[in-house]
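Spelled out, the chains give:
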Amino acid sequence: MKEPSRRLLWERRSQTPLLVLAVAFAVAYAVPIVAPDASARVHGACTLVEWVVWGAFAADYLVRLALSEERGRFVRTHWLDLAAVVLPLVQPLRLLRLVATLLLVGRRARMAPQIQLTTYVAGSVVGLLMFGSLAVLSVERDAPDGNIKNLGDAVWWSFTTMTTVGYGDHSPTTGLGRFLAVGLMLSGIALLGVVTANIAAWFISRFERDDQAERLQLAAILELRAEVRALRGEVARLGGTADPAAAPPADAAPGAPAQRGASAPTP
């Protein structure tokens, strides 16, 4: 199985560089939204970085496809990666590049064995809060009836939406903003379910370990009882087969003749 090992080796080596590029994408996506009055050169550089990062993830997908032994099976099992690569080409919107990059980063993060579930969930929460806030701010800031006009309002809205609290003081008014709200609500519910399942699994495993320890202790006690019974039976058997007549009387002196009527030998 030489081909899969080459693909796995590529995935391990490219994991860290792709995560660094994802951070660069986050910065490039946030700067034009947080600082809309920046120069055109800054906006152009950020757009270039976004496309470069997306291109790097697309190239990573193509390399993994080329290194796979069963390419048809790879496409079927990694269809979400393919959709994320093709999605920004359908309509060159910044939001589509955001969604595509988040999907690709999430898929590659799940492949990394060193990333634990808690770290992945925490990173997902932070990422969704940040990108959800930036995305809804970019959509709702210029809306005529919009009430999300600054980053603080966007972060507050994202937090209340992800936790499904929904105070209603800030809400999207555009169709794209409401689409983002639906995605953020579903993501929050999914992450809450993952956290709840993780906690429940931890308690179940803890109870199973305690129960296993109790079973081992009980088995050890039963084994000791069986050994004690066996020893008692052996002692009883040995005591029952001994000849009482062969034993010397209790008042006999040491070295005395065994028979009471025997006479001493004559010199």
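What counts, and at which threshold
- Residues numbered from 1 in each chain as written.
- Predicted model: local features only at pLDDT ≥ 70, side-chain atom pairs only at ≥ 80, totals over all residues.
- Heavy atoms only, no water.
- Helix = DSSP H or I, 4+ residues; strand = E, 2+ residues; numbered from the N terminus.
- Buried < 20%, exposed > 50% of the residue type's maximum accessible area, 1.4 Å probe, protein only.
- Contact = heavy atoms within 4.5 Å.
- pLDDT = per-residue confidence, 0-100.
- Phe/Tyr/Trp six-rings, centres within 6.5 Å; stacked < 30°, edge-to-face > 60°.
- Expected span 1.5 Å × (residues − 1).
- Polar contact = N/O pair within 3.5 Å; in protein donor to acceptor, adjacent residues only side chain to side chain.

1. Focus: the environment of P172
Inspection of the secondary structure puts P172 in the loop between α7 (151-162) and α8 (175-241). Taking relative accessible area as the criterion, P172 reaches 10% and is therefore assigned buried. With 18 residues separating them along the chain, P172 and A154 place their C-alpha atoms 9.7 Å apart. Once residues lying within four places of it in the same chain are set aside, the contact partners of P172 are V136, E140, I148, W157, G177, R178 and A181.

2. Remarks on the confidence of the model for the protein
Regions with low pLDDT carry predicted coordinates that are not meant to be interpreted in detail. Averaged over every residue, the pLDDT of the protein is 75; residues scoring 70 or more account for 75%. When the elements of the protein are averaged for pLDDT, helix α5 (residues 94-111) gives the smallest value, 61, and α7 the largest, 87. Residue range residues 242-247 is modelled with pLDDT below 50. Its contacts to residues more than four positions away, or to other chains, number zero contacts.

3. Concerning the packing of aromatic side chains
Summed over all chains, the structure comprises five aromatic pairs. Where F25 meets Y29, the ring centres are 6.1 Å apart and the plane angle is 15 degrees; that geometry is what we call stacked. Of this pair, F25 and Y29 both sit in helix α1 (residues 2-34), four residues apart, which is roughly one turn of the helix. Between the aromatic rings of W51 and W54, the centroid separation amounts to 5.5 Å while the plane-to-plane angle is 90 degrees, which identifies the pairing as edge-to-face. With a gap of three residues between them, W51 and W54 both fall in helix α2 (residues 40-67), about one helical turn apart.

4. A closer look at the environment of W156
Along the chain, W156 turns up in helix α7. The class of W156 is partly exposed, set by a relative accessible area of 38%. For the pair W156 and S133, spaced 23 residues apart in the sequence, the C-alpha separation amounts to 8.2 Å. Once residues lying within four places of it in the same chain are set aside, the contact partners of W156 are Y167, D169 and H170.

5. As for α2
The terminal C-alpha atoms of α2 lie 40 Å apart, and with 28 residues this matches the ideal 40 Å at 1.5 Å per residue to within 8%. Of all the residues in α2, the buried ones are C46, E50, V53, W54, F57, A58, D60, Y61, R64, L65 and L67.

6. Remarks on the environment of T161
You can see T161 is positioned in helix α7. Judged by relative accessible area, T161 falls into the buried class, the value being 8%. Distance from T161 to M185, taken between C-alpha atoms, is 5.7 Å for residues 24 residues apart in sequence. Apart from the residues within four sequence positions on either side, T161 is in contact with A181, L184 and M185.

7. A closer look at α7
In this model, α7 (twelve residues) spans 16 Å end to end at C-alpha, consistent with the 16 Å of a helix rising 1.5 Å per residue. When we look at burial in α7, the residues that qualify are D153, A154, W157, S158, T160, T161 and M162. The N-terminus of α7 is capped by N150, whose side-chain oxygen sits 3.2 Å from the backbone nitrogen of G152. Looking one or two residues beyond α7, the residue adopting positive phi is T164, at roughly 60 degrees.

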